[in-house]
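Notes for the structure review
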Amino acid sequence: MIALLIANSLALASLLIMLASGLALIYGLRDVINFGHGALYMLGAYLGYTVAKVTGFWLALLIVPILLALVGIVFEFLVLRPLKSRSHIEVALVTLGLGIILGQIIIFIYGGEARSIEAPAILSGSVTLLGLSYPVYRVFLILMGLGSCVSLAIWLRFTSSGLFVRAVSQDPGVARMMGINSDQLSLLVTSLSAAFAGIAGVLAGPYLSIDPGMDVVMIVDCLIIVVIGGTGSIAGAIIAALLFGFVQVAGSVFLPNVAALVPYVLLMVVLLIAPGGIGRGRVLS
């Protein structure tokens with residue numbers, strides 16, 4: 001039972017890591033929570049469904065992130081840069097409105113019924129690991145989550161752009177005084193964040209159902225994770241996603257009647273103990 005809980009927690013956390021780390025990156029650079037991030041995830045899922053029907057799952061996993069990265073570039077030039085002199089709450093409300101509009105457009109095009117993507121043949125079936133029979137696709141999902149963590153760690157630690165992102169996330173004022181161009185970094189981070197949302201959307205197809213409410217559910221979960229992890233902290237977001245995944249899965253097994261409340265209890269406990277979150281991020285103003 002414990003091994004199954006951990007495995008299911010890692011599978012769910014893999015999706016959450018991709019989405020929450022993107023939210024944390026944007027907040028670290030622009031000091032704004034992108035409430036439209038869930039709609040990008042939903043767009044990635046539905047585009048993955050469409051592309052997979054034509055070209056197959058693997059090409060969808062390659063094409064959709066590229067398309068979402070282009071959407072991120074458009075979002076940077078049309079929303080974030082023109083509104084960077086406005087207050088944070090105004091920009092956040094604009095992203096919320098754009099997310100609602102995008103969600104309604106997707107529902108208008110695809111309808112209200114749930115859809116799903118078939119996992120490729122190589123990822124179908126189950127595999128026995130340490131005496132536990134577990135679906136191959138979920139193992140693949142866990143490996144993708146681990147790969148995204150390793151890729152982010154290498155980028156943030158060993159590349160100049162990654163070091164600049166860390167500097168701006170920790171202290172934006174000092175970083176700008178040192179000559180770091182946050183606009184150029186924001187373009188990279190916004191497109192990367194949208195691409196991660198696209199990957200998560202495609203991966204969610206064979207794992208979760210693709211339905212019109214998936215954007216709201218995921219953005220709420222990701223916001224909780226970002227706050228628990230510490231706004232602007234990438235490492236904190238990753239740790240919080242792992243913790244959130246375990247709490248969510250364990251709650252649904254042991255406390256099914258109040259499972260929906262468990263993440264909020266976790267959020268309140270963490271904020272009472274450490275207002276800056278696990279990763280000691282900047283406290284939301």
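Reference entry: report on the structure contained in this document. Just so it is clear, the model here is predicted, and its values are computed rather than measured. (Residues numbered from 1 in each chain as written. Predicted model: local features only at pLDDT ≥ 70, side-chain atom pairs only at ≥ 80, totals over all residues. Heavy atoms only, no water.)

**Overview of the packing of helix α1 (residues 2-30) against helix α8 (residues 182-207)**
Packing of α1 against α8 leaves a shortest axis separation of 9 Å and a crossing angle of 160°. Here α1 lies roughly antiparallel to α8, going by the angle between them. As α1 packs across α8, the resulting crossing turns out to be left-handed. Partitioned by chemical class, the residues of the contact of α1 with α8 number 19 nonpolar, five polar and two charged. (Axes fitted to C-alpha atoms, helices over the stretch in contact; angles between N-to-C directions. Helix = DSSP H or I, 4+ residues; strand = E, 2+ residues; numbered from the N terminus. Parallel < 35°, antiparallel > 145°, perpendicular 65-115°, else oblique. Left-handed = near helix turned anticlockwise from the far one by under 90°. Nonpolar A, V, L, I, M, F, W, Y, C, P; charged D, E, K, R; others polar.)

**A look at the side chain of Thr 95**
Residue placement: Thr 95 occurs in helix α4 (residues 88-110). By relative accessible area, Thr 95 is classed as buried at 1%. Here Phe 35 takes part through its backbone nitrogen, which lies 3.1 Å from a polar atom of the side chain of Thr 95. Excluding residues within four positions of it along the chain, Thr 95 makes contact with Ile 33, Asn 34, Phe 35, Gly 36 and Phe 75. (Buried < 20%, exposed > 50% of the residue type's maximum accessible area, 1.4 Å probe, protein only. Polar contact = N/O pair within 3.5 Å; in protein donor to acceptor, adjacent residues only side chain to side chain. Contact = heavy atoms within 4.5 Å.)

**Brief notes about the pattern of salt bridges**
The full count for this structure, using the stated rule, is three salt bridges. When the shortest N-O distance is used, the salt bridge between Glu 90 and Arg 86 registers 3.2 Å. The salt bridge partner of Glu 113 is Arg 115, with a shortest N-O separation of 2.7 Å. (Salt bridge = Lys/Arg side-chain N within 4 Å of Asp/Glu carboxyl O.)

**Things to note about the nonpolar core**
For soluble globular proteins, nonpolar side chains are generally found buried alongside one another. By size, the foremost hydrophobic cluster in this structure holds 81 residues, and its most contacted members are Phe 57 and Leu 203. Take this core: its biggest share by element is 16 residues, from α1. Counting residues in hydrophobic clusters, the runner-up holds seven residues, among them Val 32, Val 79, Leu 83 and Val 91. (Core = buried A, V, L, I, M, F, W, Y, C linked by side-chain atoms within 4.5 Å.)

**Describing the environment of Thr 128**
Summarising the element assignment, Thr 128 is placed in strand β1 (residues 126-129). With relative accessibility at 56%, the residue Thr 128 sits in the exposed group. Expressed as a C-alpha distance, the spacing of Thr 128 and Ala 3, which sit 125 residues apart in the sequence, is 12 Å.

**Looking at the packing of aromatic side chains**
Each aromatic ring pair is specified by the distance between its two centres and by the angle formed by the two planes. If you walk through the whole model with that rule in mind, you get five aromatic pairs. On the numbers, 6.1 Å between centres and 75° between planes, the contact of Phe 57 with Tyr 137 is edge-to-face. A residue pair is termed long-range when its members are at least 10 positions apart, and Phe 57 in helix α3 (residues 57-80) and Tyr 137 in helix α5 (residues 136-158) qualify at 80 residues. Here Phe 57 falls in the buried class, since its relative accessible area comes to 5%. Judged by its relative accessible area of 6%, Tyr 137 falls in the buried class. Aromatic pair Trp 58 and Phe 140: ring centres 5.6 Å apart, planes at 85°, arrangement edge-to-face. Remark: Phe 140 occurs in helix α5 and Trp 58 occurs in helix α3; sequence separation between them is 82 residues. Taking relative accessible area as the criterion, Phe 140 reaches 14% and is therefore assigned buried. Joined through ring pairs, the aromatic side chains of Phe 57, Trp 58, Tyr 137 and Phe 140 make up one cluster. (Phe/Tyr/Trp six-rings, centres within 6.5 Å; stacked < 30°, edge-to-face > 60°.)

These values are about where atoms sit, not about what they do.
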